[in-house]
Amino acid sequence: MRGKVPINEAPCRITNVYRTEKYIVYQSVCVCYGESGNILMSDDIYRLRTPERDEAYLRIYGKESRSNRRKRMKVSSYTRTYED
């Protein structure tokens, strides 16, 4: 089997969301099957942080703490798209 398959079957295909200093990052992780082996690949969308987006992020995910710190999922390869 070759190709790229999402690791979750949610309609939006977003696997992870986290924030950096300037961006809110939407990470979609896929398993890529190939003849020489399988890897995890991430298609990332970086959206500039705005007060409205930060408010929505906090409403959905809550405030970060030591026990609840959202981080980037580690993958072998990634693509990035930047949006305003």
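Look above for the structure.
Small disclaimer: the values here were computed from a predicted structure and weren't measured. Per-chain numbering applies: the sequence of each chain, read as written, is numbered from 1 onward. Given that this is a predicted model, residues contribute local features only at a pLDDT of at least 70 and side-chain atom pairs are listed and counted only at 80 or more, while totals for whole chains, interfaces and linings are drawn from all residues. Values shown for side chains rest on all heavy atoms present in the structure; no hydrogens or waters enter the calculation.

Asker: Could you give an account of the pattern of salt bridges, naming the residues involved and the relevant values?
Answerer: By salt bridge we mean one thing: a side-chain nitrogen of Lys or Arg within 4 Å of a carboxyl oxygen of Asp or Glu. For the structure on display, the rule yields five salt bridges. Of the charged contacts in the structure, one is a salt bridge between Arg19 and Asp54, with a shortest N-O distance of 3.4 Å. Note that Arg19 is positioned in strand S2 (residues 16-19) and Asp54 in helix H1 (residues 51-61), a separation of 35 residues in sequence. Only protein chains enter the calculation, and the probe is 1.4 Å; a residue is then buried if its accessible area is under 20% of its type maximum, exposed if over 50%, and partly exposed in between. For Asp54, a relative accessible area of 18% puts it in the buried group. With its nearest N and O atoms 3.3 Å apart, the salt bridge here joins Arg47 to Glu83. Placement of Arg47 in strand S4 (residues 37-48) and of Glu83 in strand S5 (residues 77-83) is noted, with a sequence separation of 36 residues between them. The partly exposed category is assigned to Arg47, whose relative accessible area is 26%. Each of the salt bridges in this network shares a partner with another, and the network as a whole consists of Arg19, Arg49 and Asp54. A run of H or I in DSSP becomes a helix once it reaches four residues, and a run of E becomes a strand once it reaches two; helices and strands are each numbered from the N terminus.

Asker: So what's going on with the packing of aromatic side chains? Which residues, and what values?
Answerer: Here a Phe, Tyr or Trp ring, Trp counted by its six-membered ring, pairs with any other such ring whose centre lies within 6.5 Å, and the pair is stacked when the planes are under 30 degrees apart, edge-to-face when over 60, and tilted otherwise. Tallied over the entire structure, the rule returns four aromatic pairs. Their ring planes at 80° and their centres at 5.6 Å tell us that Tyr23 and Tyr46 sit as a pair that is edge-to-face. Here Tyr23, found in strand S3 (residues 23-34), pairs with Tyr46, found in strand S4; they are 23 residues apart in sequence, far enough to count as distant. Since its relative accessible area comes to 6%, Tyr46 is described here as buried. Between Tyr46 and Tyr82 the ring centres are 5.0 Å apart and the planes differ by 35°, which places this aromatic pair in the tilted class. With Tyr46 in strand S4 and Tyr82 in strand S5, this pair connects stretches of sequence that are 36 residues apart. Three or more aromatic residues link up through ring pairs in this structure, and these residues are Tyr23, Tyr46 and Tyr82. For the cation-ring pair, Arg72 lies above Tyr78, with the distance from its terminal atom to the ring centre recorded as 5.2 Å. Any Lys NZ or Arg CZ found within 6 Å of a ring centre and within 35 degrees of that ring's normal is scored as a charge over the ring.

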